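# Fold and contact review
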Amino acid sequence: QVQLVESGGGLVQPGGSLRLSCAASGSISSISAMGWHRQARGKQRELVATITRTGSTNYGDSVKGRFTISRDSAKNTVYLQMNSLKPEDTAVYYCYARRLGPDSWGQGTQVTVSS
């Protein structure tokens with residue numbers, strides 16, 4: 001079992017920055033990758049970014065060049081640094097962990113980009 005807790009969401013103006021955190025606990029050794037998906041109102045959930053145990057990263061096209069995913073293995077935490085935010089980035093951001101067994105998902109944190 002893996003538990004995920006997100007934090008760092010909030011309201012920010014266009015062009016601003018925000019950093020999300022996701023702390024994992026439980027069966028950490030079973031995790032092969034962690035990352036973030038997001039879901040805007042009325043839209044499908046989409047990939048934002050992932051990072052594997054070896055440090056390989058992958059980004060959705062809409063955030064590439066603006067968002068950076070990183071990790072602190074000692075804290076079992078992944079981060080999503082979001083820069084140059086746009087109104088279309090407004091969504092609930094969900095942390096997830098891929099593992100041998102069912103994937104784990106956090107409760108989500110709201111990010112709103114508005115002037």
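A brief report on the enclosed structure follows. Only a predicted model underlies this, so the values are computations on that prediction, with no experimental measurement involved.

Here we take up unusual backbone geometry. For Asn76, which is not a glycine, the phi torsion comes out positive at approximately 50 degrees. Along the polypeptide, Asn76 turns up in the loop between strand E7 (67-72) and strand E8 (77-82). Classification of Asn76 by relative accessible area gives partly exposed; the value is 30%. Despite not being glycine, Ser84 shows a phi value in the positive range, around 50 degrees. As for its position among the elements, Ser84 is in the loop between E8 and strand E9 (91-99). For Ser84, a relative accessible area of 41% translates into the label partly exposed.

Cut-offs and rules
- Residues numbered from 1 in each chain as written.
- Predicted model: local features only at pLDDT ≥ 70, side-chain atom pairs only at ≥ 80, totals over all residues.
- Heavy atoms only, no water.
- Helix = DSSP H or I, 4+ residues; strand = E, 2+ residues; numbered from the N terminus.
- Buried < 20%, exposed > 50% of the residue type's maximum accessible area, 1.4 Å probe, protein only.

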